[in-house]
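Fold and contact review
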Amino acid sequence: MKPISMATPVICSLMFVGSCASPLPASFDAAKYDKMSCVELNVAIGTVADEMSATAIARGKVVHTNIPDWLWGGQRVASTVAARQSAKIERLRQQEAAIVAARRSRC
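Basis of the calculations
- Residues numbered from 1 in each chain as written.
- Predicted model: local features only at pLDDT ≥ 70, side-chain atom pairs only at ≥ 80, totals over all residues.
- Heavy atoms only, no water.
- Helix = DSSP H or I, 4+ residues; strand = E, 2+ residues; numbered from the N terminus.
- Buried < 20%, exposed > 50% of the residue type's maximum accessible area, 1.4 Å probe, protein only.
- Areas by Shrake-Rupley, 256 points an atom, 1.4 Å probe, with all protein chains shown as cover.
- Core = buried A, V, L, I, M, F, W, Y, C linked by side-chain atoms within 4.5 Å.
- Contact = heavy atoms within 4.5 Å.
- Axes fitted to C-alpha atoms, helices over the stretch in contact; angles between N-to-C directions.
- Parallel < 35°, antiparallel > 145°, perpendicular 65-115°, else oblique.
- Left-handed = near helix turned anticlockwise from the far one by under 90°.
- Disulfide = S-S within 2.5 Å.
- pLDDT = per-residue confidence, 0-100.

**A closer look at the overall build of the protein chain**
What the protein chain contains, in helices and strands, is 4 helices and 0 strands. Starting at the N terminus, the α and β elements of the protein chain follow one another as α-α-α-α. Put simply, the protein chain has 107 residues, and 24% of those count as buried. When the accessible surface of the protein chain is summed, it comes to about 7,300 Å², and 61% of that surface belongs to carbon and sulfur atoms.

Given below as structure tokens:
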């Protein structure tokens with residue numbers, strides 16, 4: 001029973017990092033960036049960049065985690081979490097591209 005009790009924190013932390021609830025919607029409204037001022041667009045780019053960086057760091061931590069072989073499904077959970085983080089980074093890149101396009105046309 002000792003291995004199971006040791007595995008609980010690892011599983012819980014992986015599930016917490018890659019939870020199903022995403023802070024970002026599946027899509028974003030690019031039209032809202034057309035209504036923003038230059039200062040607001042700069043702040044939005046900084047916010048997206050910060051979130052992208054934090055997500056990339058979290059993905060790297062999950063990918064480089066040493067998961068023991070006796071932990072059933074642990075590798076599958078880690079790869080699922082990494083895939084979710086990659087999808088989130090891709091959405092953030094698209095959002096950043098929309099902000100940059102709006103800033104380029106306005107500022």
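**Details of the nonpolar core**
Formed by Y33, L41, A44, I45, V48, M52, I89, L92, A98, I99 and A102, the largest nonpolar core amounts to 11 residues. Among the secondary structure elements, those contributing two or more residues to this core are α3 (38-63) and α4 (74-106). Setting aside anything within four residues of it in sequence, one finds I89 in contact with M52, T55, A56 and R59. Formed by 5 residues, the second largest nonpolar core is a distinct cluster that contains I67, L71, A78 and V81.

**Comments concerning the packing of α3 against α4**
For the pair α3 and α4, the least separation of the axes is 9 Å and the interaxial angle reads 160 degrees. Classed by the angle they form, the pair α3 and α4 counts as roughly antiparallel. Here α3 runs over α4; the crossing is left-handed.

**Overview of the state of the cysteines**
Think of a disulfide as a covalent bridge from one cysteine sulfur atom to another cysteine sulfur atom. Under the counting rule described, the total for this entry stands at 1 disulfide. Residue C38 pairs covalently with C107 via a disulfide, S to S 1.9 Å. Since a negative S-S torsion denotes a left-handed disulfide, the C38-C107 link at about -120 degrees is left-handed. Here C38 is found in helix α3, whereas its partner C107 is found in the segment after α4, with 69 residues between them in sequence. Note on C107: relative accessible area 48%, which makes it partly exposed.

**With respect to the confidence of the model for the protein chain**
For the protein chain, the average pLDDT comes to 80, and 75% of its residues sit at 70 or higher. The lowest-confidence element of the protein chain is helix α1 (residues 2-17), averaging 48 in pLDDT; the highest-confidence one is α3, averaging 94. Every residue in residues 1-5 is under pLDDT 50, and counting partners more than four places away or in other chains gives 1 contact.

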